[in-house]
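Listed here are the chains, written in short residue letters.
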Amino acid sequence: MADARSDIRVLYICGLGSNTTGAKPTYLRQHFKHLSIPSVKHASYAATREALAKECRSFKPDIFVAHSAGVGKAVTLATTGTWKGPLLLLAGGNGCAPVSDMTGRAVTLVVPSDDMGAEHQRRAVRCALEQSLVCTAEVKDTHDLNTSMVDQDRLRGLIISTVERHAGGATSPMEVAPEGESCATIETPVKEQVKWLFSEWDLNDDGLVSRDEFKDCLSRVCGEMTTDDVEHVVHAVDKNQDGQVDTEEFLEWVFSGAEHSEKLLAETTEPQTAKALSAEMRLGDVPQPQPESHEV
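Because the structure is predicted, anything quoted here is derived from the model rather than measured.

1. With respect to the pairing of strand E3 (residues 63-67)
For E3, the tally of buried residues reaches five of five residues, placing the bulk of the element in the interior. The side-chain alternation of E3 yields two buried faces, one formed by Ile63, Val65 and His67 and the other by Phe64 and Ala66. One ladder, built from four bridges, connects strand E1 (residues 9-13) with E3; its direction is parallel. The partner of Ile13 across the bridge, within E3, is Ala66. In this structure, E3 lies alongside strand E4 (residues 87-90), joined through four bridges in parallel fashion.

So, in structure tokens, the structure goes:
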């Protein structure tokens, strides 16, 4: 059965670092005749998305397979209309969130049970609008999934079953939107862009950045901000004061009360510039922490 489906066209999006010669890319080359693994190391969100969209239209895949940080890129192409076919998402953490709203396509989430981002993926499956098309495969494995997917030879079977589930349930299987054509989006492209920017700081894809890491990133991308400025921003972003900044806190901070922020971010193609802009334009609205009272 598996050999009969070796002609499935697989587009694989690597995780952070774009290692096109790692265990999973090597495995896929051994089992599928038609494989595309774009090397995406671009300086901007717009350039990366366009390069992936161009490869999608040229290669005409039957399925998107993505791992870790690559999941957010695959989901963005799906939610903005470039890709309308099935998705196999490996250890995608918070990048899987928009999957719950998708319709008309098969999506399989492979969840390493001990991974820090596992609950985000389980939640996406629980909230899915089409339970028959969105499912999970939970495995006892680490974040890289090489043991279960490669050593135990499970990746091939999941690709085949996802493609077949899609063909049986979708109205337009394996459809790639022509260049320039738009369709309804699940979330606004700007929010997807901001999530992508945040993921550059979230190195382990668990949807969280520590306060110290957030301070460090903010200081580096906003050179004109003082130490006090950075501290004020961090205090405002970390709403529940648990010492970590999550994706939702970051989004709320960027979009709350600054009408021009969405326009500026939408027009910005350089992630570092977009981060700096979002920080600078929100700084004026940040409530200043009050000194502790020593009255008795």
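Still more to cover.
2. Thoughts on the pairing of E1
Counted residue by residue, E1 has four buried out of five residues, so it is predominantly covered. Two strands pair when backbone bridges link them, and E1 and strand E2 (residues 34-36) are joined in this way by three bridges, in the parallel orientation. Note on E2: the bridge partner recorded for Arg9 is His34.

3. Examining helix H2 (residues 45-59)
Taking 1.5 Å of rise per residue, 15 residues should cover 21 Å, and H2 covers 21 Å from first to last C-alpha, within 8% of that figure. Within H2, burial applies to Tyr45, Thr48, Leu52, Ala53, Cys56, Arg57 and Phe59. Looking at the residues trailing H2, positive phi occurs at Lys60, about 55 degrees.

4. What to know about the confidence of the model for the protein
In the predicted model, the protein carries a mean pLDDT of 76, and 69% of its residues have values of at least 70. Counted against residues more than four places away or in other chains, residues 170-188, with its pLDDT under 50, gives 41 contacts. In this model residues 258-296 is a low-confidence stretch, pLDDT under 50, and it forms 61 contacts with partners more than four residues away in sequence or in other chains.

5. Brief notes about the pattern of salt bridges
Oppositely charged side chains can pair when the atoms bearing their charge come close. All told, the structure shown has seven salt bridges when counted by the stated rule. Arg156 serves as the salt-bridge partner of Asp153, at 2.6 Å between the closest nitrogen and oxygen. In this structure, Arg211 engages Asp238 in a salt bridge whose closest nitrogen and oxygen atoms are separated by 3.2 Å. Within this pair, whereas Arg211 is found in helix H8 (residues 211-221), its partner Asp238 is found in the loop between helix H9 (227-237) and strand E8 (244-246), the two being separated by 27 residues in sequence. With respect to class, Arg211 is no different from Asp238; both count as buried. Here the salt bridges share partners, and the residues they tie into one network are Glu119, Arg122, Arg126 and Glu138.

6. Here's the deal with the sheet that holds E2
Strand order in the open sheet made by the six strands is E2-E1-E3-E4-E5-E6, with parallel pairing throughout. Because the sheet does not close on itself, it has two edges, and the strands there are E2 and strand E6 (134-139). Each adjacent strand pair in this sheet contributes to an overall mean axis angle of 20 degrees, direction not counted. As defined by bridge partners, E4 adjoins strand E5 (residues 107-112) across four bridges and the pair is classed as parallel. From the neighbouring strand, Leu87 faces E5, where its bridge partner is Val107.

7. A look at helix H3 (residues 69-79)
When you tally the buried positions in H3, you get ten out of eleven residues, the bulk of the element. Within H3, the full set of buried residues consists of Ala69, Gly70, Val71, Lys73, Ala74, Val75, Thr76, Leu77, Ala78 and Thr79. Residue Gly81 follows H3 closely and has a positive phi angle near 95 degrees.

8. Concerning the packing of aromatic side chains
Counting across every chain of the model gives one aromatic pair. Pairing Phe64 with Trp83 gives two aromatic rings, centres 4.8 Å apart and planes at 5 degrees, and the pair type is stacked. Of this pair, Phe64 sits in strand E3 while Trp83 sits in the loop between H3 and E4, and the two are 19 residues apart along the sequence. Of the residues examined, Phe64 reaches a relative accessible area of 1% and is grouped as buried. What makes Trp83 buried here is its relative accessible area of 0%. Just above the ring of Phe59 sits the side chain of Arg9; from NZ or CZ to the centre is 4.4 Å.

9. Looking at the nonpolar core
Ranked by size, the top nonpolar core spans 28 residues in total, and within it Phe64, Leu87, Leu89, Val107 and Leu109 carry the most contacts. The set of elements that each furnish at least two residues to this core consists of E1, H2, E3, H3, E4, E5 and helix H4 (118-126). The biggest single contributor to this core is H3, with five residues. With sequence-adjacent residues up to four places away left out, Leu87 is seen in contact with Ile63, Phe64, Ala74, Ala78, Met102, Arg105, Ala106, Val107, Thr108 and Thr162. Grouped together as the second largest cluster of nonpolar side chains are 24 residues, Tyr12, Ile37, Leu88 and Leu90 included.

The rules behind each value
- Residues numbered from 1 in each chain as written.
- Predicted model: local features only at pLDDT ≥ 70, side-chain atom pairs only at ≥ 80, totals over all residues.
- Heavy atoms only, no water.
- Buried < 20%, exposed > 50% of the residue type's maximum accessible area, 1.4 Å probe, protein only.
- Helix = DSSP H or I, 4+ residues; strand = E, 2+ residues; numbered from the N terminus.
- Pairing = 2+ DSSP bridges.
- Expected span 1.5 Å × (residues − 1).
- pLDDT = per-residue confidence, 0-100.
- Contact = heavy atoms within 4.5 Å.
- Salt bridge = Lys/Arg side-chain N within 4 Å of Asp/Glu carboxyl O.
- Axes fitted to C-alpha atoms, helices over the stretch in contact; angles between N-to-C directions.
- Phe/Tyr/Trp six-rings, centres within 6.5 Å; stacked < 30°, edge-to-face > 60°.
- Lys NZ or Arg CZ within 6 Å of the ring centre and 35° of its normal.
- Core = buried A, V, L, I, M, F, W, Y, C linked by side-chain atoms within 4.5 Å.

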